[in-house]
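Breakdown of the fold
Next come the chains, spelled out residue by residue.
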Amino acid sequence: MNSRLFLDMHIIQTLPPSNINRDDTGSPKTALYGGVRRARVSSQSWKAAMRNYFKEGGEVANVGVRTKDIVRYVAGKIREINSTILEKEAMDRAAEAIEKAGIKLKDNKDKSAKEAKALFFLGENQARDIAKIAAEAQEDAKGKLVLDKDLLQKVLNDNVAIDIALFGRMVADDPSLNEDASSQVAHAISTHGVQTEFDYFTAADDLSPEDNAGAGMIGNVEYNSSTLYRYANVALHEFLHQLKDRGSMINATKLFVEAFAKSLPTGKVNTFANQTLPSILVINLREDRPVSLVSAFESPVKSEEGYVAGSIKRMSDEMEKIQKFVQKPVKTLYLAIDNVDITDGEEVESFEELLEKLGVEIENYQFS
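Here the structure is a predicted model, which means the values were calculated and not measured. (Residues numbered from 1 in each chain as written. Predicted model: local features only at pLDDT ≥ 70, side-chain atom pairs only at ≥ 80, totals over all residues. Heavy atoms only, no water.)

1. Digging into the side chain of Ser190
Going by this rule: Per the convention used, a helix needs a DSSP run of H or I reaching at least four residues, while a strand needs a run of E reaching at least two, with both numbered from the N terminus. Polar contact is the term for a pair of N or O atoms within 3.5 Å; when the atoms are in protein, one must be able to donate a hydrogen and the other to accept it, and sequence-neighboring residues count only if both atoms are side-chain atoms. Only heavy atoms matter for contacts: two residues are in contact if any of them lie within 4.5 Å across the pair.
Topologically, Ser190 is positioned in strand S9 (residues 188-190). Side-chain polar atoms of Ser190 contact the backbone oxygen of His192, separated by 2.6 Å. Once residues lying within four places of it in the same chain are set aside, the contact partners of Ser190 are Arg38, Ala39, Ser226, Thr227 and Leu228.

2. Some thoughts on unusual backbone geometry
Note on backbone geometry: most residues besides glycine have negative phi, and most peptide bonds are trans. Note the threshold: Per-residue accessibility, obtained with a 1.4 Å probe over protein chains only, is compared with the maximum for each type, and a residue is labelled buried under 20%, exposed over 50%, and partly exposed between these values.
Of note, Lys111 is a non-glycine position whose phi angle comes to about 60°, a positive value. Summarising the element assignment, Lys111 is placed in the loop between strand S5 (105-107) and strand S6 (114-116). You can call Lys111 exposed: its relative accessible area is 64%. The phi dihedral of Asp344 is positive, around 65°, even though this residue is not glycine. Structurally, the position occupied by Asp344 is in the loop between strand S13 (331-336) and strand S14 (346-347). You can call Asp344 exposed: its relative accessible area is 58%.

3. Focus on helix H8 (residues 246-262)
Keep this limit in mind: The span you would expect from a helix comes to 1.5 Å times its residue count less one.
Taking 1.5 Å per residue as the helical rise, H8 with its 17 residues ought to reach 24 Å, and the 24 Å between its terminal C-alpha atoms agrees with that figure. Regarding H8, the residues found buried are Met249, Ile250, Ala252, Thr253, Leu255, Phe256, Val257, Glu258, Ala259, Phe260 and Ala261. Where H8 begins, the capping side chain belongs to Asp245, and its oxygen is found 3.2 Å from the backbone nitrogen of Gly247.

Honestly, that's just the spatial picture; any functional story needs more than this.
Written out as structure tokens, the structure reads:
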């Protein structure tokens with residue numbers, strides 16, 4: 001019986017000309033790795049895409065919001081609970097309850113309401129429970145709400161939203177509200193060297209005179225194309241501890257896997273329509289520690305016939321080589337578009353089958 005179980009996800013995904021994650025100058029993000037310039041997509045960018053996928057495509061309802069405007073957010077839920085409470089009173093009740101819970105507030109820009117001092121990650125169920133306490137609270141002789149501080153802080157520390165549990169929450173003013181992340185998402189990098197290119201474009205003015213042949217606007221868009229190695233992991237034992245229910249943890253883990261595989265940052269997506277999916281997804285369940293296979297690409301892949309096949313072969317070979325340092329995975333599942341043989345891996349035929357088998361493995365695992 002083991003107390004730890006880690007889920008590793010490895011993806012090879014090719015992108016056509018695109019600019020899904022750009023820096024402050026508008027250039028596609030890059031990184032120097034193995035002495036070669038690589039395309040890069042930041043972990044923050046992909047986690048934002050995953051959180052959007054949680055909300056739009058997931059069936060797990062308890063997803064958090066990250067906002068300064070938590071007073072208005074909770075006030076809205078107060079009025080859902082009791083529609084006789086007017087908006088001003090709901091805002092006041094929400095602010096009192098939130099401050100009592102230990103979250104520091106300040107006046108917003110136009111002094112019309114209170115807001116958090118910094119972006120705050122609040123779960124759907126946590127907001128609802130705070131709203132219920134605030135809506136039902138009675139006033140004392142001085143008109144202040146009678147609120148139980150311990151109960152409110154318990155609400156913030158219990159029933160954690162899945163994205164808060166996965167990606168963490170840091171509150172500088174009150175460390176007791178911090179939540180350690182149970183997942184890690186790596187910056188995706190290309191398995192090969194890249195060069196940034198420029199798309200020179202012009203836009204016509206539909207109402208310009210016929211004798212004016214010039215463009216209404218001209219400009220440049222930077223882009224590159226790449227085959228990416230993507231990696232993420234989840235400490236399933238910690239995730240279970242956070243959510244406190246194995247069924248909820250399994251469903252949330254499936255959603256995490258689906259979101260990581262199917263989400264895509266949306267930078268310049270209308271310009272390039274770079275709507276691709278992974279060429280291969282490999283999942284390893286490990287008892288000792290999480291392991292990235294990015295070292296397979298320290299020497300860049302070189303090919304005259306594309307990079308996907310060579311990248312998959314490199315990744316597969318690396319998975320065998322690292323066994324000299326780590327334990328063999330408890331289970332390896334993989335889904336590939338083309339015929340691929342992953343040593344000691346079980347190939348599945350569909351994404352639905354992969355999620356089903358993964359759920360069974362986690363369900364049957366004996367956490368100590």
